[in-house]
Amino acid sequence: MSNKQELIKEMLEMQKMFMEYEHTNGVSPEEYYLAPEGHPLHQYRQKYRDIAMQLVDIAHAEKGSHR
């Protein structure tokens, strides 16, 4: 499996985990933005963003463009 496919798979797994957590517990803005260490959403936004930016970089490299 290519790195791109692995990153997409990881993002989909993260989305699934988030949706399951949200449906079960609800998510407050504080949880989403400032979840403490040990919380299932701790650093979720940052990790998801980092993966998304890696995919953007891969897409630009594949097309020979720049962001």
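All values derive from a computational prediction rather than experimental measurement.

Asker: In this structure, what is going on with the nonpolar core? I would like to understand it.
Answerer: Side chains of a nonpolar character, in soluble globular proteins, are inclined to be buried together. With ten residues, the main nonpolar core is built from Leu-7, Met-11, Met-14, Phe-18, Tyr-21, Ala-35, Leu-41, Tyr-44, Ile-51 and Leu-55. Mapped by element, the contributors of at least two residues to this core are helix H1 (3–25) and helix H3 (44–63). Excluding anything up to four places from it in sequence, Leu-55 contacts Lys-4, Leu-7, Ile-8 and Met-11.

Asker: What is the right way to read the pattern of salt bridges from this model?
Answerer: Oppositely charged side chains can form a pair if their charged atoms are brought close together. Enumeration over the complete set of coordinates arrives at three salt bridges. The salt bridge involving Glu-62 is made with Lys-4; its shortest N-O contact spans 3.2 Å. Of this pair, Glu-62 sits in helix H3 while Lys-4 sits in helix H1, and the two are 58 residues apart along the sequence. When its relative accessible area of 33% is taken as the criterion, Lys-4 is described as partly exposed.

Asker: Please explain the environment of Gln-54 as it appears in this structure.
Answerer: Take Gln-54: it is sitting in helix H3. A relative accessible area of 38% means that Gln-54 is categorised as partly exposed. Remark: the alpha-carbon pair of Gln-54 and His-23, spanning 31 residues in sequence, is separated by 28 Å.

Conventions and cut-offs
- Residues numbered from 1 in each chain as written.
- Predicted model: local features only at pLDDT ≥ 70, side-chain atom pairs only at ≥ 80, totals over all residues.
- Heavy atoms only, no water.
- Core = buried A, V, L, I, M, F, W, Y, C linked by side-chain atoms within 4.5 Å.
- Buried < 20%, exposed > 50% of the residue type's maximum accessible area, 1.4 Å probe, protein only.
- Helix = DSSP H or I, 4+ residues; strand = E, 2+ residues; numbered from the N terminus.
- Contact = heavy atoms within 4.5 Å.
- Salt bridge = Lys/Arg side-chain N within 4 Å of Asp/Glu carboxyl O.

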